[in-house]
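Fold and geometry: a report
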Amino acid sequence: MSSDTSDEDKTESASQRRLEQAREEGQIPHSRELATFIGLLAAIGALYGLGGWMFARLLSIMRGGLQLDQRQSVDPKAMGHLLENLGLDALLTLAPFLLVIILSAFVSPFLMGGWVFSVKALKFDFNRLDPVQGITRMFSTHGLAELVKSLLKTALVGGVGAWVLWREREDVFSLMLQPLQRSSGEFAGLVLFSLLLIVMSLLLIAVVDVPYQLWEYQRKLRMSKEELRQEMKEQEGDPHNKARIRQAQRAMSRRRMMAQVPTANVVVTNPTHYAVALFYDPDKGGAPVVVAKGADQLAFKIRELAHQHQVPVLEAPPLARALYASCKLDQQIPAALYTVVAEVMAYVYQLNHWIGHGGLPPEAPDRLEVPEGMDPGAPPEDEDVDGPVP
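Residues numbered from 1 in each chain as written. Predicted model: local features only at pLDDT ≥ 70, side-chain atom pairs only at ≥ 80, totals over all residues. Heavy atoms only, no water.

Quick word on a positive patch on the surface
Positive charge collects at one region of the surface, where Lys-242, Arg-246, Arg-250, Arg-254 and Lys-301 lie side by side. Per element, the largest residue contribution to the positive patch is four residues, and it comes from helix H10 (residues 239–260). Looking at where Arg-254 falls in the secondary structure, it is placed in helix H10. Judged by relative accessible area, Arg-254 falls into the partly exposed class, the value being 44%. (Patch = residues over 30% accessible without salt bridge, like charges linked within 9 Å, V, L, I, M, F, W, Y side chains within 5 Å. Areas by Shrake-Rupley, 256 points an atom, 1.4 Å probe, with all protein chains shown as cover. Salt bridge = Lys/Arg side-chain N within 4 Å of Asp/Glu carboxyl O. Lys, Arg positive; Asp, Glu negative; His and termini not counted. Charge placed at Lys NZ, Arg CZ, Asp CG, Glu CD. Helix = DSSP H or I, 4+ residues; strand = E, 2+ residues; numbered from the N terminus. Buried < 20%, exposed > 50% of the residue type's maximum accessible area, 1.4 Å probe, protein only.)

Digging into the packing of aromatic side chains
Applying the stated criterion to the full structure yields two aromatic pairs. Ring centres of Tyr-212 and Trp-215 lie 6.1 Å apart, and the angle between their planes is 35°; this geometry places the pair in the tilted category. Placement of both Tyr-212 and Trp-215 in helix H8 (residues 180–220) is noted, with a separation of three residues, approximately one turn of the helix. Accessibility expressed as a relative area gives 22% for Tyr-212, which makes it partly exposed. Ring geometry for Tyr-274 and Tyr-324: centres 4.7 Å apart, planes at 40°, overall tilted. Taken as a pair, Tyr-274 in strand E2 (residues 274–279) and Tyr-324 in helix H12 (residues 317–326) lie far apart in primary sequence, 50 residues in all. The class of Tyr-274 is partly exposed, set by a relative accessible area of 24%. On the accessibility criterion, Tyr-324 (28% relative accessible area) is partly exposed. When the ring centre of Tyr-324 is taken as reference, the NZ or CZ atom of Lys-293 above it lies at 5.0 Å. (Phe/Tyr/Trp six-rings, centres within 6.5 Å; stacked < 30°, edge-to-face > 60°. Lys NZ or Arg CZ within 6 Å of the ring centre and 35° of its normal.)

Here we look at the sheet that holds strand E4 (residues 313–315)
A sheet is described by the order of its strands in space; here four strands give the open sequence E3-E2-E1-E4, paired in mixed fashion. Looking at which strands have only one partner, the edges of the open sheet turn out to be strand E3 (289–295) and E4. Between one strand axis and the next, the sheet turns by 20° as a mean value, whatever way the strands run. The strands touched by helix H11 (residues 297–308) are strand E1 (266–269), E2, E3 and E4; relative to E3, the strand with the most contacts, the crossing angle is about 125°. Contacting E1, E2 and E4, helix H13 (residues 338–357) crosses the sheet at an angle of about 130° to E1. (Pairing = 2+ DSSP bridges. Axes fitted to C-alpha atoms, helices over the stretch in contact; angles between N-to-C directions. Contact = heavy atoms within 4.5 Å.)

Written as structure tokens, this is what we have:
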């Protein structure tokens, strides 16, 4: 992506590849307000469910720490062992509460964009220490939105907190007149209820912040039309380069094909439009293989190369058209053409024998018929068969 591209030019939504690259770099939508709300709500739920048990355990630990026998008071090792046991008990007591807080920290990213772990996000970047960029971010649209959000959050939470205190003022004052054991339980319930109301007020901020963070995330990843075109070229390849590659591949394939013509047993022609070179190895068995084929100018080059290397050339228009249409390079001829090609190969062997040993020259087969539907140049049945055939 070019760094000179302005935000005004980025009018297109991010492509799937752009989103994947952002995730690989650790960039996912994130709402601190949603994370704060879920974390506090989980903490309140944990305190409500585990508060009594935790209070009783911690009270027992505190009492155990304040009760010392004479041996522990004069033996440093015994005192250290006692402190170790008390600290471990306290940690085990707080472990369920801390586990709930840790698990709640994974909920917010999952709800926003799924979990992702990227070492690129941990890489040290000097640009983050650039004061100019820091000031720019402070006075950017995102910085202004964060400022407004912080002011609204402060006003909302402060207002709800003040309203809760005013609403529960009589109960708070009445607690001072009650015994400590009874008032402590009521005070804990009052605090949890007040915290719950304050945390629920954060839900209003989270409901507004989540759509804004999703929109801001998509806005930052927007692309210009030029970036989309460049990405498409990188993924699918430049059309000009692909055309040159295909042209080079065709040229290489053609050179390999032409190199096989001198090894062919016979070249069947149309006589000018098509040329197909066949090779048969009796030691390997099987059917003859098409080692070269071409039309028009390429057919002329195949015939010319065959004449140069004394490869027999047989004019058989129906068979040439059928072989050209139904056969691929380096593949055996179809079974439907076995009989007619066998006649051609028999003629080639007779011709080679005559060239090597003399005698009467063989007659070239002039009525080679291919199965119906194999010759693409055959005239329809309702036309005169003696008419011109391409």
